[in-house]
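# Examination of the molecular architecture
As a plain string of letters, each chain reads:
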Amino acid sequence: MSAATHCNKDIPIFSVSDLTMRIAGDASDIVERLSFDVFPGKTLCIVGESGCGKSITALGLMGLLPPQEVAVRSGTIRFEGKEYLAAEAHQARHLRGDRLAMIFQEPMTSLNPSYKIGVQIAEAVTCHHSGSYVDAKKQALAMLAKVGIPGPELRYDEYPHQLSGGMRQRVMIAMALINNPAVLIADEPTTALDVTIQAQIIELICELQKNTQMGTIMITHDLGVVAKLATDVAVMYGGQIVESGPVASIFNAPQHPYTIGLLSSMPNLSGYKERLFTIPGTVPNVQSMPKGCRFSSRCPFCSSVCKTQPEVRVVDDAHSVACHFAPLDQTLELSA
Amino acid sequence: MLNFVLRRLVIAIPTIILISIFVFTLQKLLPGDPVLAMAGEERDPQVLEYLREKYRLNDPIPIQYLNWIGNALRGDLGISLRTNQPVLDLILEKLPVTFQLAVMAMIIALLIGIPAGILSAVKKGTFIDYCANAIALSGLSIPNFWLGIMLILLISVKWQLLPASGFVSIFEDPLRSMSVMIMPAFVLGTALAATLMRHTRSAMLDVLKSDYVRTARAKGLQERTVILKHAFRNAATPIVTLTALLFGELIAGAVLTEQIFTIPGFGKLIVDAVFNRDYAVVQGVVLVTAVGFILMNLIADVAYVLLNPKLRNLA
Ligand SMILES: Nc1ncnc2c1ncn2[C@@H]1O[C@H](COP(=O)(O)OP(=O)(O)OP(=O)(O)O)[C@@H](O)[C@H]1O
Ligand code: SF4
Ligand SMILES: [Mg+2]
């Protein structure tokens, strides 16, 4: 994928190429040959059904997967001009929490119950920058105010159990952004929250991103979030990126049958308003992934060619698809 | 917090009463006449009767109990039938000895058990983990008396490095006192170290899987900080509780070790008292032990609350 033509800054700040990972003991790869770029000031949304490998990808990029549990078989990461093997991501400690930050899916359990939240935020500063704790505390207080926590002075000394889920996610965001990272990976930051709080958190992330050059990878399966935040979209299915491109192109001219199905399941964005379309079946697990196109077991257009792996085709300048039938002559109409 | 402690103390009262009744009754049910034991060769019925009257052994048992517990509450645990000393004095004389032994044993256990537990959790499934577990298992399965005797034979008899016995109070000659106590403390401590190691390991394994440890790593903290500050701080809560409980057990478990190393402690006091049917001493010792146990339980509970911010706010 290359969103280059759609950005002012056309050098990606974070590039992943050919990332392949396997869970120890499995016979096939959980994530296969992922490649994508993140540009400064832009948001790449990674979408896909539950279990398709989004979190494992995010954790792999952060270097947070225990090597004895998940093996990184191939892949390189280029970050801020430096290139390193994805398999060595866990050694990039100096980047984590400083240049490359992450917010997690589970705000309720992601904060240490034994330490004051303020101390946990300030720790992110002191562990990367020399400087006094007093200084770090000042920064943490400012950050708490910035993420919309009322009465930061009081909240600073509170423990996680004294905060609601939404508040905790705000604290996690404060912790992630306090060192002005170049790239933020947000793994479904709102899934665990109430609907009203979800909107607030997305709004907050949107606000905080404005006027910064931070590139964001937003993992979600909420197409509403994609519509609000994304500049680019990568659609994942069964551990692969099946389609990627600028958000307008993906929404207006989806090419992969899986993307089309996904968009159809969203009544207001897809244009197919009459009925809610859902893709029959679920993502097969790694062991029973079909040979050839991984979507073939659920694809309504599956035919004999689909027994071979479709190569990635560029259909529009920044829009690429992995399907034998791409590019489509016209927009496919699915009749469920 | 004070409220919580007081509430716990009130709850402990019925327990102590029950234990005291139990001890008292059991003692009465045991065969053997204390007066005979006391009188030695003397079999003159008049003398025996005099002794019975003196120690009020002719009163109905419930009255005897009430007498005893009433005095105990005032700090009077009776007079030893054998030595004619107040039981409380005997206990206060012996307790510090056993206390010193227990503290030293606990320090040894903590110094071995906790680092070994952390290490084997962090290195789970590796050679280090297997070694630590194998050593722990042998620590648990080697009987104390055997280890004690072996140590005496090797270190004291063969190499003559440490004295096998000859207790000295820590207030008289601290260095000598420690050198005498170190072997028995080691014997007592090893079994505990194994228990502590296994609990530390499983608590650490739980915590290392948690999301907040992942957050700590995502923050870019050094692995040492992640493990010792973020993980161990949370794993420590059950360990502190366990330590308090184990300490109570240590005092009780010291009996055998004190026999082997001829340490004039609590254990020796109770063994001698039982053999001599010295009722007052046995009852006193058991009562003090039970109260000590309950206190350790209370300390364990308080520590648990203090270490847990959520409970701390509630208490
Ligand atoms: N450490 C691990 N060990 C073994 N299997 C794992 C591990 N982590 C993830 N998996 C498996 O890998 C698959 C992909 O998981 P992943 O968490 O990446 O999905 P996801 O796309 O984030 O889904 P969701 O939307 O539910 O968060 C799942 O089937 C999961 O069971
Ligand atoms: S390659 Fe075949 S099976 Fe796969 S998405 Fe395209 S049409 Fe469907
Ligand atoms: Mg996930």
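Going by the structure above, here's the rest.
What comes next concerns the included structure. (Residues numbered from 1 in each chain as written. Chains lettered and ligands numbered in written order. Predicted model: local features only at pLDDT ≥ 70, side-chain atom pairs only at ≥ 80, totals over all residues. Heavy atoms only, no water.)

## Quick word on the interface of chain A and chain B
Contacts between the two partners involve 25 residues from chain A and, on the opposite side, 19 residues from chain B. Counting the surface lost from both chain A and chain B, the interface buries some 2100 Å², and carbon and sulfur atoms represent 54% of this. Counting the surface chain A buries against chain B, the share from its top three residues, Tyr115(A), Glu123(A) and His161(A), is 26%. Along the contact surface separating chain A from chain B lie three salt bridges. For Glu123(A), the salt bridge is made with Lys219(B), and the minimal N-O distance between the two is 2.7 Å. At the junction of chain A and chain B, the tally comes to 17 residue pairs in polar contact (both at pLDDT 80 or more). (Contact = heavy atoms within 4.5 Å. Buried area = accessible area lost by both parts, 1.4 Å probe. Salt bridge = Lys/Arg side-chain N within 4 Å of Asp/Glu carboxyl O. Polar contact = N/O pair within 3.5 Å; in protein donor to acceptor, adjacent residues only side chain to side chain.)

## Here we look at the sheet that holds strand S6 (residues 100-103) of chain A
Note: strands within a sheet are paired through backbone hydrogen bonds, in either parallel or antiparallel orientation. Residue and element names in this part refer to chain A. The eight strands are arranged S6-S7-S8-S3-S9-S10-S12-S11 in an open sheet whose pairing can be described as mixed. Bordering the open sheet on either side are S6 and strand S11 (313-316), each of which pairs with just one other strand. Direction aside, the axes of adjacent strands within the sheet are offset by 20° on average. Relative to strand S7 (residues 183-187), S6 is paired through four bridges, and the arrangement is parallel. Across the sheet, the residue bridging to Met102 is Ile185, located in S7. Set on the sheet, helix H1 (residues 54-62) makes contact with strand S3 (43-47), S6, S7, strand S8 (215-220) and strand S9 (232-237); between it and S6 the angle comes to about 150°. (Pairing = 2+ DSSP bridges. Helix = DSSP H or I, 4+ residues; strand = E, 2+ residues; numbered from the N terminus. Axes fitted to C-alpha atoms, helices over the stretch in contact; angles between N-to-C directions.)

## Describing the coordination of the magnesium ion (ligand 3)
At 1.8 to 2.6 Å from the magnesium ion (ligand 3) lie its protein donor atoms, namely Ser55(A) (OG) and Gln105(A) (OE1). Of this pair, Ser55(A) sits in helix H1 while Gln105(A) sits in the loop between S6 and helix H2 (117-126), and the two are 50 residues apart along the sequence. (Donors = N, O, S within 2.8 Å, 3.2 Å for Na, K, Ca; no water.)

## A few points about the layout of surface pockets
The volume enclosed by the largest pocket comes to roughly 1000 Å³. Along the walls of the largest pocket sit 29 residues, with Pro66(A), Gln68(A), Leu208(B), Arg217(B) and Glu223(B) positioned nearest its centre. Listed by contribution, the elements that provide at least two residues to the lining of the largest pocket are helix H5 (87-122), helix H8 (174-208), helix H9 (211-218) and helix H10 (223-260) of chain B. Looking at the lining of the largest pocket, the element that brings in the most residues is H9(B), giving four residues. A breakdown of the residues in the lining of the largest pocket according to their chemical character gives 13 nonpolar, six polar and ten charged. (1 Å grid on protein atoms, 1.4 Å probe; cavity = no way out; pocket = protein on both sides within 12 Å on 5 of 7 lines; lining within 4 Å. Points joined across faces, edges and corners; volume = space filled by probe spheres on them. Nonpolar A, V, L, I, M, F, W, Y, C, P; charged D, E, K, R; others polar.)

## A few points about the site of ligand 2
Lining the immediate environment of ligand 2, one finds His256(A), Pro257(A), Cys293(A), Phe295(A), Ser296(A), Cys299(A), Phe301(A), Cys306(A), Pro310(A), Cys323(A), His324(A) and Phe325(A). Looking at side-chain class alone, the shell around ligand 2 contains nine nonpolar, three polar and no charged residues. (Near = heavy atom within 4 Å.)

## Structural notes on the nonpolar core
Nonpolar side chains in soluble globular proteins tend to be buried together. Formed by 102 residues in total, the largest nonpolar core has its most connected members in Phe14(A), Phe36(A), Phe79(A), Ile173(A), Ile185(A) and Val226(A). No other element matches helix H5 (residues 165-177) of chain A, which puts eight residues into this core. Of all hydrophobic cores here, the second largest spans 67 residues; its members include Ile69(B), Ala216(B), Ala235(B) and Ile239(B). (Core = buried A, V, L, I, M, F, W, Y, C linked by side-chain atoms within 4.5 Å. Buried < 20%, exposed > 50% of the residue type's maximum accessible area, 1.4 Å probe, protein only.)

## Considering helix H6 (residues 127-141) of chain B
Taking 1.5 Å per residue, 15 residues should reach 21 Å; H6(B) reaches 21 Å between its end C-alpha atoms and fits that length. Tucked inside the fold, the buried residues of H6(B) contact H5 and H8 of chain B. (Expected span 1.5 Å × (residues − 1).)

## What to know about the sheet that holds strand S4 (residues 70-79) of chain A
Residues and elements named next belong to chain A. Taken in spatial order, the four strands make up an open sheet running S2-S1-S4-S5, and their pairing is antiparallel. If you trace the sheet from one side to the other, it starts and ends with strand S2 (31-38) and strand S5 (82-85), each paired once. Strand-to-strand twist in this sheet, taken as the mean axis angle between neighbours without regard to direction, amounts to 10°. In this sheet, S2 lies alongside strand S1 (residues 14-23) in antiparallel orientation, the contact comprising five bridges. Note that in S2 the partner of Phe14 across the bridge is Val38. Strands S1, S2 and S4 of the sheet are contacted by H1, whose axis makes an angle of about 115° with S1.

## Here we look at empty space enclosed by the protein
Taken as a whole and judged by the stated rule, the model has five cavities of 30 Å³ or more. The computed volume of the largest cavity comes to approximately 90 Å³. Taken together, Gly97(A), Ala101(A), Met102(A), Ala124(A), Met172(A), Met175(A), Ala176(A), Thr215(B), Ala218(B) and Lys219(B) form the lining of the largest cavity. Sort the elements by how many residues they give to the lining of the largest cavity and H5(A) lands first, with three residues. The class makeup of the residues in the lining of the largest cavity is seven nonpolar, two polar and one charged. Surrounding the second largest cavity, 13 residues form its lining, Pro257(A), Cys293(A), Cys299(A), Cys306(A) and Cys323(A) being those nearest its centre. Along the lines of polarity and charge, the residues of the lining of the second largest cavity split into ten nonpolar, three polar and no charged.

On their own, these measurements won't tell you what the molecule is for.
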